[in-house]
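# Summary of structural features
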Amino acid sequence: MFIFSAFCLKILFLAAERGLVFFILLLCCSQIFENFQYLCNENILLMSERTELEELGEFGLIERLNPHRDIINKSTLLSVGDDAACMCYGDKMVVVSTDALVEGVHFDMVYTPLKHLGYKACVVNFSDIYAMNAHPKQIVVSLAVSNRYSVEALEELYEGIHLACEKYGVDLVGGDTTSSCSGMFLSLTVIGEVEKDRVAYRKGASVHDLVCVSGDLGGAYAGLLVLQREKAAWIANPDMQPELKNYEYVVGRQLKPEAGRRIVNFFEKNDIVPTSMIDISDGLASEMLHICKQSDVGCELYLEKLPIDYRTSKVYEEFKILADTGALNGGEDYELLFTISQKDYDKIKDEADIHIIGHITDKSSGCNLVTPQNTTIALKAQGWNHYRKD
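Computed from a prediction, not measured in an experiment: that's the story for all the values here.

### Considerations on the overall build of the chain
A tally of helices and strands in the chain yields 12 helices and 13 strands. The buried share of the chain, reckoned over its 390 residues, is 42%. Considering only contacts in the chain between residues 6 or more positions apart, those separated by 24 or more positions represent 82%.

### Some thoughts on the packing of helix α6 (residues 219–236) against helix α10 (residues 310–318)
Each pair of packed helices gets described by two things: the angle between the helix axes and the distance between those axes. Where α6 meets α10, the axes come as close as 9 Å, and the angle between the chain directions of the two elements is 45 degrees. It follows that α6 is oblique to α10 by the angle criterion. The chirality of how α6 crosses α10 is left-handed. Here α6 contributes Gly219, Tyr221, Ala222, Leu225, Val226 and Arg229 to the contact with α10, which in turn contributes Thr312, Val315, Tyr316 and Glu318. The class makeup of the residues in the contact of α6 with α10 is six nonpolar, two polar and two charged.

### Description of α10
Those residues of α10 lying buried are Thr312, Val315 and Tyr316. One side of α10 holds all its buried residues, which, seen down the axis, span an arc of 100 degrees. The exposed residues of α10 that point more than 90 degrees off its buried face are Tyr310, Lys314 and Glu317. Along its buried surface, α10 packs onto α6, α7 (248–255) and α11 (323–329). The first or second residue beyond α10 is Lys320, which carries a positive phi of 60 degrees.

Analysis parameters
- Residues numbered from 1 in each chain as written.
- Predicted model: local features only at pLDDT ≥ 70, side-chain atom pairs only at ≥ 80, totals over all residues.
- Heavy atoms only, no water.
- Helix = DSSP H or I, 4+ residues; strand = E, 2+ residues; numbered from the N terminus.
- Buried < 20%, exposed > 50% of the residue type's maximum accessible area, 1.4 Å probe, protein only.
- Contact = heavy atoms within 4.5 Å.
- Axes fitted to C-alpha atoms, helices over the stretch in contact; angles between N-to-C directions.
- Parallel < 35°, antiparallel > 145°, perpendicular 65-115°, else oblique.
- Left-handed = near helix turned anticlockwise from the far one by under 90°.
- Nonpolar A, V, L, I, M, F, W, Y, C, P; charged D, E, K, R; others polar.
- Arc of directions from axis to C-beta.

Structure, rendered in structure tokens:
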């Protein structure tokens, strides 16, 4: 639709009355050209102001699209900016998180069994709820698939979904299915609950708090490196069989991760409420910087304290990558990174699955790594960026 000025419309009516068809056509073409020129100028202006997604990254984009807005409903306690949103209905707090997984971006069907995919899709969502010191209760799953997938294939996918729900005590209560032009797309929303006085946010860390992490780090990324190498070998020679015999641990960490229920149960049993907490999906360094930014503090992490399984270290050695680098930036470990008050030290010191890796400092000190030689290095996030161009 083209917009004609009032002056142009008046001329058109006059011309029509006099049967000046050619004049009408000429005027229409002139007006169309003016509108086209206007649109071109607008497009040039838009192009000159264009910001590429990779410039912002995932979290910069979230901040850009969701500037601070006043909360309208009293039941909304926390909206965008943490592992899950928090709402209050009655005595308990309700936490909600959602995640999307896209074929070719988050998973590769060349080496991802559908049952594993269904299981992992649920677990990574449960992890967000545990990161709030809460427990997942219900989940809804939306699925878009192309006709490349059979009914039997989708049954295998849902077998993994049901297995994860059964293991973690979560009810699958709904969702949606639709078609896709290509590949598979999964969107999951999980709902959890926690007592009001036990919720843990990313904000809340204070100077002198202890920085802790559960489990071990870097295994999932090491597994991804192995799978990608075997895929490349298979593409070069489709008759070859993957060599995974000595890589079960790291491949398992990549394809079938587990969420932090055991840690949240430990907190409840020992009456511990972390001062801040986040799950490690994009790498330890990235997540630590999130906590520091939202808590308005700095930190010191000690490289020699990072928990790395010996099987993970062997893989990194094979790929000529420093294990510390994998632990800091690999991502997808889904362990919990949290801070606690020093008064809770005695409660965690003998827990084998919890490792103290540093402490919180004043914001003016910055966020730093301390090497075994006592050299200080600025902590930088080099983990997963959804919008980075290869």
